Amino acid sequence: MGMTNKQFQGFIRLAIDKLKKALEVSADNTELKELLDIFQSMLEDGD
């Protein structure tokens, strides 16, 4: 059983929200910034 596109988009949005909150705590974490960029590009590709 796979994920629907809507479920996938919801998962990505949730992950982006959590990454943004983590960056508020640790704004200089380049790995988190890179991961956020990747997740945002995944969301933009799906829209």
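One can find the structure itself at the top, above this paragraph.
Notes on the structure in this doc start here. (Residues numbered from 1 in each chain as written. Predicted model: local features only at pLDDT ≥ 70, side-chain atom pairs only at ≥ 80, totals over all residues. Heavy atoms only, no water.)

1. Some thoughts on the overall build of the chain
At step 1: The number of helices and strands found in the chain is 2 helices and 0 strands.
At step 2: Its C-alpha atoms give the chain principal-axis dimensions of roughly 35 × 15 × 15 Å.
At step 3: Counting all 47 residues of the chain, 21% fall into the buried class.
At step 4: Taken as a whole, the chain presents about 3,800 Å² of accessible surface, with 57% of it coming from carbon and sulfur.
At step 5: Placing the 6 positive and 9 negative side-chain charges of the chain at their respective mean positions leaves the two points 9 Å apart. (Helix = DSSP H or I, 4+ residues; strand = E, 2+ residues; numbered from the N terminus. Buried < 20%, exposed > 50% of the residue type's maximum accessible area, 1.4 Å probe, protein only. Areas by Shrake-Rupley, 256 points an atom, 1.4 Å probe, with all protein chains shown as cover. Lys, Arg positive; Asp, Glu negative; His and termini not counted. Charge placed at Lys NZ, Arg CZ, Asp CG, Glu CD.)

2. Structural notes on the nonpolar core
Soluble globular proteins tend to pack their nonpolar side chains together in the buried interior.
At step 1: Listed in full, the 9 residues of the largest apolar core are I12, A15, I16, L19, L23, L32, L36, F39 and L43.
At step 2: In terms of residue count, the dominant contributor to this core is helix α1 (residues 5-25) (5 residues). (Core = buried A, V, L, I, M, F, W, Y, C linked by side-chain atoms within 4.5 Å.)

3. Thoughts on α1
At step 1: Here α1 is 21 residues long and its end C-alpha atoms lie 31 Å apart, about the 30 Å a rise of 1.5 Å per residue gives.
At step 2: Among the residues making up α1, those that are buried are Q9, I12, A15, I16, L19 and L23. Burial along α1 is one-sided: seen end-on, the buried residues are contained in an arc of 125°. For α1, the exposed residues set more than 90 degrees away from the buried face come down to K6, E24 and V25. (Expected span 1.5 Å × (residues − 1). Arc of directions from axis to C-beta.)

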